[in-house]
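Letter by letter, the chains look like this.
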Amino acid sequence: MNAFRKVALGALPVALVAGGWVASAEPAKKEQALPVVTTYAKVDGDGNLLRASGVTEVEHSGIGRYLLTTENDVNACGLIGTVNSNGSSDPGPGSASIMVTWTDAMHIFVRTATPSSSGSQTVDDDRPFTVMVVC
C-alpha cells in the first residue's frame, strides 16, 4: 500500500511517517518560466528593417546575406527564421530557404536562398525574411 501511495502521488513530494506515506503541501519544484520572444525583425529583400524589437540595424553584405545587430546578448537563445513573401507577390519560383545563426553575442547572420531557381542564377537570393529570438 505504501508503494502505491508513493506512485499515485506522482510529482508531489512525500514523506514517510508513522502509518505510511504523506504528501507534502509544497510543490515538488518551482515551475519554470516559459520562453519569451525577446527580439524579432522583419526585413525586406534589400535589407531594410520593416519592423523590429531588439534589432537596431541590418547590414546587407551580399546576395542573400544579412547581418543583424541586436540590443541584447543572443548566444544562449533559440533563433527562428522564415522567408516571407514580398508584399503580395513571391519574389521567386519554387522553394526558398533560410539559415540563421549568431556570429557573436550581439549579431545574427541570416542567409536566404532560392534553391529551385532556374537559369544561371546562384542559389543565394535576396529574400524578405522574419527572425525571432526566443530566450
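For the structure itself, look to the data block above.
These figures come from a predicted structure and were not determined experimentally.

Here we look at the nonpolar core
- Membership of the largest hydrophobic core comes to 14 residues, with the highest contact counts inside it found for Tyr66, Leu68, Ile108, Val110, Phe129 and Val133.
- Those elements that place two or more of their residues in this core are strand 3 (37–43), strand 5 (55–62), strand 6 (65–70), strand 9 (107–113) and strand 10 (129–134).
- The element that contributes the greatest number of residues to this core is strand 10, accounting for 3 residues.
- Beyond its immediate stretch of four places on either side in the chain, Val133 contacts Val36, Val37, Thr38, Thr39, Val74, Cys77, Gly78, Leu79 and Ile108.

Quick word on the state of the cysteines
- What the rule picks out here adds up to 1 disulfide.
- Between Cys77 and Cys135 runs a disulfide, and the two sulfur atoms are separated by 1.8 Å. Between Cys77 and Cys135, the S-S dihedral sits near 90 degrees, and the bridge is therefore right-handed. With Cys77 in the loop between strand 6 and strand 7 (78–83) and Cys135 in the segment after strand 10, this pair connects stretches of sequence that are 58 residues apart.
- Overall, Cys135 belongs to the partly exposed group, its relative accessible area being 42%.

About the thresholds
- Residues numbered from 1 in each chain as written.
- Predicted model: local features only at pLDDT ≥ 70, side-chain atom pairs only at ≥ 80, totals over all residues.
- Heavy atoms only, no water.
- Core = buried A, V, L, I, M, F, W, Y, C linked by side-chain atoms within 4.5 Å.
- Buried < 20%, exposed > 50% of the residue type's maximum accessible area, 1.4 Å probe, protein only.
- Helix = DSSP H or I, 4+ residues; strand = E, 2+ residues; numbered from the N terminus.
- Contact = heavy atoms within 4.5 Å.
- Disulfide = S-S within 2.5 Å.

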